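Chain residues, written in single-letter form:
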Amino acid sequence: MDAINLLIEGFSLAIQPANLIFAVIGVFIGTAVGVLPAIGPALTVAHLLPVTFKLDPGGSIIMFDGIYYGGMYGGSTTAILLNTPGESAAVVTALEGNKMARARRGGPALATAAIGSFVAALVATIALAFLAPPLVKVAVKFAPWDYFGLMLIAFVTVSATFGSSPLRGLTSLAFGLWLGLVGLDQLTGQARLTFGVPQFLDGVE
């Protein structure tokens, strides 16, 4: 019952006129940035964090949500029309959406992406409100061997996509893993593979 009350309270805050304006501004900025390759919604939100210093906390969070969801949709625009995903989540959209655009059905493809993004975001928000408490209880019980199992599943999943050259795939996987290990461990703070070079403490960008 608490989740329903909090959800209703959140929606009542979101539909206030000032917050709706923040949402429109965020969606406009996010969509404009989402069509640019290599600039995803997360990077946009990170760059615009100083904007919130003098804004209302609720309005700024709503604006950043608009930026994020607008960026997710904006990435599908170039994926459908130009076969160039604006960000990584739009790669799958490019597979079928660009085929529809080539068949002179770009409008329905863009509309499907917009409606799908809205419905998925709404369903995910409502589901998160109800599933977050039990998921947190499960997450805090994760032990090192559970994380090892997740890593193992990730490597098996990646190895299934190597295609005709497993050697090149394994080499790429090992190289990426090596780059990811450089720097400070986020859990223990210990330096890994820095070889005494202070610049390596921040990892490889």
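One structure accompanies this document, and this report is about it. (Residues numbered from 1 in each chain as written. Predicted model: local features only at pLDDT ≥ 70, side-chain atom pairs only at ≥ 80, totals over all residues. Heavy atoms only, no water.)

Looking at the overall build of the protein chain
As a reminder, the rule being used: Helix and strand definitions here come from DSSP, where helices need a minimum of 4 consecutive H or I residues and strands a minimum of 2 consecutive E residues; each element is numbered from the N-terminal end. Put simply, the radius of gyration uses C-alpha atoms, and a globule should come to 2.2 Å times the residue count raised to 0.38.
In terms of helices and strands, the protein chain carries eight helices and two strands. Across the protein chain, helices and strands are ordered from the amino to the carboxyl terminus as α-α-α-α-α-α-α-α-β-β. Radius of gyration (C-alpha) of the protein chain: 21 Å, far over the 17 Å computed for a compact globule of 205 residues. Viewed in the frame of its principal axes, the protein chain has a C-alpha envelope of about 55 × 50 × 35 Å.

Digging into the packing of helix α1 (residues 2–14) against helix α6 (residues 106–139)
In a packed pair of helices, the relevant descriptors are the angle between the two axes and the axis-to-axis distance. Stated formally: Every axis corresponds to a line fitted to the C-alpha atoms, with the helix fit spanning only the stretch in contact, and the corresponding angles, defined between N-to-C directions, vary from 0 to 180 degrees. Under this scheme an angle from 65 to 115 degrees is roughly perpendicular, one under 35 degrees roughly parallel, and one over 145 degrees roughly antiparallel; angles in between are oblique. Should the near helix be turned anticlockwise from the far one by less than a right angle, the crossing is termed left-handed; should it be turned clockwise, right-handed. Residue contacts are defined here by distance: any two heavy atoms, one from each residue, within 4.5 Å place the two residues in contact. When residues are sorted by character, Ala, Val, Leu, Ile, Met, Phe, Trp, Tyr, Cys and Pro go into the nonpolar class, Asp, Glu, Lys and Arg into the charged class, and all the rest, Gly among them, into the polar class.
Here α1 crosses α6 at 140 degrees, and the two axes come no closer than 9 Å. Overall, the two elements α1 and α6 adopt an arrangement that is oblique. Crossing of α1 over α6 shows right-handed handedness. In contact with A3, I4, L7 and F11 of α1, α6 contributes L122, I126, A129 and F130. Counted by class, the contact of α1 with α6 contains eight nonpolar, no polar and no charged residues.

Remarks on the packing of helix α2 (residues 17–34) against helix α4 (residues 57–82)
Where α2 contacts α4, the axes come no closer than 6 Å and their chain directions differ by 30 degrees. Our pair here, α2 against α4, has a crossing hand that is right-handed. Residues N19, F22, A23, I25, G26, V27, I29, G30, T31 and G34 of α2 form the contact with α4, whose participating residues are G58, G59, I62, M63, G66, I67, G70, G71, Y73, G74 and G75. Class assignment for the residues of the contact of α2 with α4 results in nine nonpolar, 12 polar and no charged.

With respect to the environment of S159
Topologically, S159 is positioned in helix α7 (residues 144–159). For the pair S159 and L173, spaced 14 residues apart in sequence, the C-alpha separation works out to 8.5 Å.

A few points about the packing of aromatic side chains
For the record, the criterion: The rule is short: rings of Phe, Tyr and Trp, with Trp giving its six-membered ring, pair when the centres are within 6.5 Å, and they are stacked under 30 degrees, edge-to-face over 60, tilted in between. Here the term buried applies to any residue with accessible area under 20% of the maximum for its type, exposed to any over 50%, and partly exposed to those in between, with areas from a 1.4 Å probe on protein chains only.
Inspection of every chain in the model, using the stated rule, returns three aromatic pairs. Geometrically, the ring pair formed by Y68 and Y69 is edge-to-face, given 5.8 Å between the ring centres and 80 degrees between the ring planes. Under the relative-accessibility criterion, Y68 is labelled partly exposed at 36%. Its relative accessible area of 39% is what places Y69 among the partly exposed residues. Summarising the aromatic geometry, the rings of F175 and W178 are spaced 5.9 Å apart at their centres and angled 35 degrees between planes, so their arrangement reads as tilted. Residue F175 and its partner W178 are both found in helix α8 (residues 166–181); the two are separated by three residues, about one turn of the helix.

As for unusual backbone geometry
Even without being glycine, N83 reaches a positive phi, approximately 60 degrees. The residue N83 is located in the loop between α4 and α5 (91–102) in this model. With a phi angle near 55 degrees, L193 is a residue other than glycine that sits in the positive phi range. If you trace the backbone, L193 turns up in the segment after β2 (191–192).

A short note on α5
Defined as follows: Multiplying one less than the number of residues by 1.5 Å gives the expected span of a helix. What the arc covers is the set of directions going from the helix axis to the C-beta atoms.
Between its terminal C-alpha atoms α5 stretches 17 Å, which fits the 16 Å expected from 12 residues at 1.5 Å a residue. Residues of α5 that are buried: A94, G97 and N98. Projected down its long axis, α5 carries its buried residues within an arc of 105 degrees, all on one side. Facing away from the buried side of α5 by over 90 degrees, the exposed positions are V92, L95, E96 and K99.

Here we look at the environment of D56
Structurally, D56 can be placed in the loop between α3 (41–47) and α4. Residues D56 and N19 lie 37 residues apart in sequence; the distance between their C-alpha atoms is 9.3 Å.

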